[in-house]
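Inside the fold
For reference, the chains in residue letters:
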Amino acid sequence: MRAQAVLLSVHPVISVGYLLSIRRELLPPSFVPALLLAVLPVLSILLGTSRYRTLDLEGRRTQWILFVLAAAELLWAVVALAMVGFAVALRSG
């Protein structure tokens, strides 16, 4: 579960940093970094589902919390991709 927590804690920080660097025009807008960052919550979900049956009741409760956080981060990834799309559209004229 620690690996899942690390995967989930890294995603928002890096994606916000990427969006801010696009805003400050330090980096050109591209979908590739945002899509690569969206893989982190998916990996967390896959890692959690592979060990779910071996957990006790308390571990399953914690796992469900991590699943909900991963789902929220996937929604954030969709929003981040939309922001990158707007930045690409603004840049192209």
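In short, a report on the structure. Model, not experiment: these values are computed from the prediction.

1. Some remarks on the packing of aromatic side chains
Per the stated rule, a full pass over the model turns up three aromatic pairs. Judged by centre distance (6.3 Å) and plane angle (85 degrees), the rings of Tyr-52 and Trp-64 are edge-to-face. On the criterion of sequence distance, the pair formed by Tyr-52 in the loop between α2 (31-51) and α3 (57-92) and Trp-64 in helix α3 is long-range, its members being 12 residues apart. Between Trp-64 and Phe-67, the ring centres sit 5.5 Å apart and the planes meet at 85 degrees, which makes this aromatic pair edge-to-face. A residue pair is termed a helical-turn pair when its members lie 3 or 4 positions apart in one helix, as Trp-64 and Phe-67 do in helix α3 at three residues. What makes Phe-67 buried here is its relative accessible area of 13%. Here the aromatic cluster, defined as three or more aromatic residues joined through ring pairs, consists of Tyr-52, Trp-64 and Phe-67.

2. Considerations on α3
An ideal rise of 1.5 Å per residue puts 52 Å on 36 residues; α3 measures up with 52 Å between its terminal C-alpha atoms. Regarding α3, the residues found buried are Gly-59, Gln-63, Leu-66, Phe-67, Ala-70, Glu-73, Ala-77, Ala-80, Val-84 and Ala-87. Those residues of α3 that are buried lie in contact with α1 (2-23) and α2. Downstream of α3 by one or two residues, Gly-93 has phi in the positive range, about 105 degrees.

3. Let's talk about empty space enclosed by the protein
Considering all chains together, one arrives at one cavity of 30 Å³ or more under this definition. In this structure, the largest cavity occupies an estimated 60 Å³ of space. Taken together, His-11, Ser-15, Tyr-18, Leu-19, Ala-34, Leu-37, Ala-77, Ala-80 and Leu-81 form the lining of the largest cavity. Listed by contribution, the elements that provide at least two residues to the lining of the largest cavity are α1, α2 and α3. Tallied by class, residues from the lining of the largest cavity come to seven nonpolar, two polar and no charged.

Each value, and the rule that gives it
Within every chain, residues take consecutive numbers counted from 1 along the sequence as written. Given that the model is predicted, a residue must reach a pLDDT of at least 70 before its local features are reported, and side-chain atom pairs must reach 80 or more before they are shown or counted; all residues, however, enter totals for whole chains, interfaces and linings. Heavy atoms throughout the structure, all of them, feed into the side-chain values; hydrogens and water do not. Pairs were defined over the aromatic rings of Phe, Tyr and Trp, the Trp ring being its six-membered one, requiring ring centres within 6.5 Å. Orientation was assigned from the angle between planes: stacked under 30 degrees, edge-to-face over 60, tilted for the rest. Only runs of H or I of at least four residues qualify as helices and only runs of E of at least two qualify as strands under DSSP, and these elements are numbered from the N terminus. Three exposure classes are used, based on accessible area relative to the maximum for each residue type with a 1.4 Å probe and protein chains only: buried under 20%, partly exposed in between, and exposed over 50%. To estimate how far a helix should reach, multiply one less than its number of residues by 1.5 Å. Note on contacts: a residue pair qualifies if any of its non-hydrogen atoms lie within 4.5 Å across the two residues. Cavity and pocket criteria rest on a 1 Å grid covering protein atoms alone: a 1.4 Å probe that fits but cannot get out defines a cavity, protein on both sides within 12 Å along at least 5 of 7 lines defines an open pocket, and an atom within 4 Å of a point defines a lining residue. Grid points are joined across faces, edges and corners, and a volume is the space filled by probe spheres set on the points. Polarity classes work like this: nonpolar for Ala, Val, Leu, Ile, Met, Phe, Trp, Tyr, Cys and Pro, charged for Asp, Glu, Lys and Arg, and polar for all others, with Gly in that last group.

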